[in-house]
Amino acid sequence: MNIKINQIYQEDCLETLRKIDNQTVDFCIADFPYNISNYSNSLTKRGSNFIKGDFGKWDKWNKIEDYLDWVIKIVKEIQRVLKPLASSLFFFNNRMAGWIAYELERRKILVYKSPIIWEKNNPIPNIRKSGFRSSFEHGVWMINSQVNYTEDSKAIVKSKTFNFLKQSEMKNIMKYNIGQNITKHPTEKPLELIERVINIFTNKDDLVLDLFSGSGNAIIASKYLQRNFISCEIDKKYCFAIKERLRQQKLNI
Ligand SMILES: C[S@@+](CC[C@H](N)C(=O)[O-])C[C@H]1O[C@@H](n2cnc3c(N)ncnc32)[C@H](O)[C@@H]1O
């Protein structure tokens, strides 16, 4: 491999992916930019504060088709590096998650298994009372398989690793608070959620690929669970914050 494991790379994820050998990754988690910053006037929460959901340049595409093309280019590379029947969990904007999963399957890149929903215990109030409170985030679980994509054959596609935890932990709606604010990253996902899915889809010493590291929660979870990882994050300040976080917790990389 032209890449060292247990490192965070400050670069575009496609550059990182290109350095990874075929069929070497046991699980990929990718919390994609949602492409909502151009369109949304919604709010999100940091601690007890509400902030506007505009995350900057990394979350903006002019056309939805360009965004889809970008996602597909990345997922093709993910497919190349995943071991056969290894799983992936991708988070997308709720409005687009089903459509993107469908496109990935239609183009025979990965097989769709099921949604994995993060239900927010404490969704942001809808102050204008103009619609529902946005109370979940939509993850899609997909498997690296080259079966015939019929409904029947899909039923038998099994993830190479699937550690069934307690029944209570295996609902595909997983409930956690928003705004836990462990870090300053604006779209931090709950650490416990990430830890739970890594535990389900990998075993000790497996290799986790974490493509949009953000707060670094997937790295921290991998370290806690004794998994290896390859991680990338394009933004220098977030990379710096992750390294600082690891240093403070005395988690060597
Ligand atoms: C949705 S956030 C991920 C949040 C993360 N899951 C967490 O829990 O903190 C997306 C992150 O991807 C980074 N990013 C955006 N485009 C990227 C790219 N092309 N390659 C690598 N990282 C990128 C952004 O800087 C941002 O931190």
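Look above for the structure.
Residues numbered from 1 in each chain as written. Predicted model: local features only at pLDDT ≥ 70, side-chain atom pairs only at ≥ 80, totals over all residues. Heavy atoms only, no water.

### Comments concerning the site of the ligand
Near the ligand you find 21 residues, and of these Asp-31, His-185, Lys-189, Ser-215 and Glu-233 are the closest. Measuring from a nitrogen atom of the ligand, one finds a side-chain N or O atom of Asp-12 at 3.3 Å. Between a nitrogen atom of the ligand and a main-chain N or O atom of Cys-13, the distance comes to 2.9 Å. In isolation the ligand exposes 610 Å². Once the protein is present, 95% of that is buried. Of the residues assigned to the shell around the ligand, the class counts are nine nonpolar, five polar and seven charged. (Near = heavy atom within 4 Å. Polar contact = N/O pair within 3.5 Å; in protein donor to acceptor, adjacent residues only side chain to side chain. Areas by Shrake-Rupley, 256 points an atom, 1.4 Å probe, with all protein chains shown as cover. Nonpolar A, V, L, I, M, F, W, Y, C, P; charged D, E, K, R; others polar.)

### What to know about the pattern of salt bridges
For the structure shown, the criterion picks out 13 salt bridges. Close ionic contact of Glu-77 with Arg-80 constitutes a salt bridge, the shortest N to O distance being 3.0 Å. Taken together, the residues span about one helical turn, with Glu-77 and Arg-80 both in helix α2 (residues 64-81) at a distance of three residues. What makes Glu-77 buried here is its relative accessible area of 18%. Here Glu-103 and Arg-107 are joined by a salt bridge, their closest N and O atoms 2.9 Å apart. Of the residues examined, Glu-103 reaches a relative accessible area of 8% and is grouped as buried. A relative accessible area of 38% places Arg-107 in the partly exposed class. (Salt bridge = Lys/Arg side-chain N within 4 Å of Asp/Glu carboxyl O. Helix = DSSP H or I, 4+ residues; strand = E, 2+ residues; numbered from the N terminus. Buried < 20%, exposed > 50% of the residue type's maximum accessible area, 1.4 Å probe, protein only.)

### Describing the pairing of strand β7 (residues 136-143)
In regular strands, side chains alternate between the two faces of the sheet. Counted residue by residue, β7 has seven buried out of eight residues, so it is predominantly covered. Of the strand pairs in this sheet, strand β5 (residues 82-92) and β7 are connected by six bridges, and their pairing is antiparallel. Bridged to Leu-89 within β7 is Trp-141. When strand β6 (residues 111-120) meets β7, the two strands line up antiparallel, connected through eight bridges. (Pairing = 2+ DSSP bridges.)

### Digging into the side chain of Arg-245
Its place among the elements puts Arg-245 in helix α7 (residues 236-248). Although Arg-245 is buried, it makes no salt bridge; Glu-188 carries the closest opposite charge, 5.9 Å away. Among residues more than four places away in sequence, those in contact with Arg-245 are Ile-182, Thr-183, Leu-191, Ser-215, Gly-216, Asn-217 and Ile-220. (Lys, Arg positive; Asp, Glu negative; His and termini not counted. Contact = heavy atoms within 4.5 Å.)

### Observations concerning the packing of aromatic side chains
According to the stated counting rule, one finds 13 aromatic pairs in the structure shown. Of the aromatic side chains, those joined through ring pairs into one cluster are Phe-32, Trp-61, Tyr-67, Trp-70, Phe-90, Phe-92 and Phe-212. In this arrangement the basic side chain of Lys-120 is found over the ring face of Trp-118, its NZ or CZ atom lying 5.4 Å from the centre. Between the NZ or CZ atom of Lys-237 and the centre of the ring of Tyr-238, over which it lies, the distance is 4.6 Å. (Phe/Tyr/Trp six-rings, centres within 6.5 Å; stacked < 30°, edge-to-face > 60°. Lys NZ or Arg CZ within 6 Å of the ring centre and 35° of its normal.)

### Concerning unusual backbone geometry
One non-glycine residue, Gln-23, lies in positive phi territory at about 50°. The residue Gln-23 is located in the loop between α1 (13-18) and β2 (25-31) in this model. The exposure class of Gln-23 is partly exposed, given its relative accessible area of 47%. Of note, Gln-226 is a non-glycine position whose phi angle comes to about 60°, a positive value. With respect to the secondary-structure elements, Gln-226 resides in the loop between α6 (217-224) and β10 (228-232).

Everything listed here is a matter of coordinates, which is why it stays silent on function.
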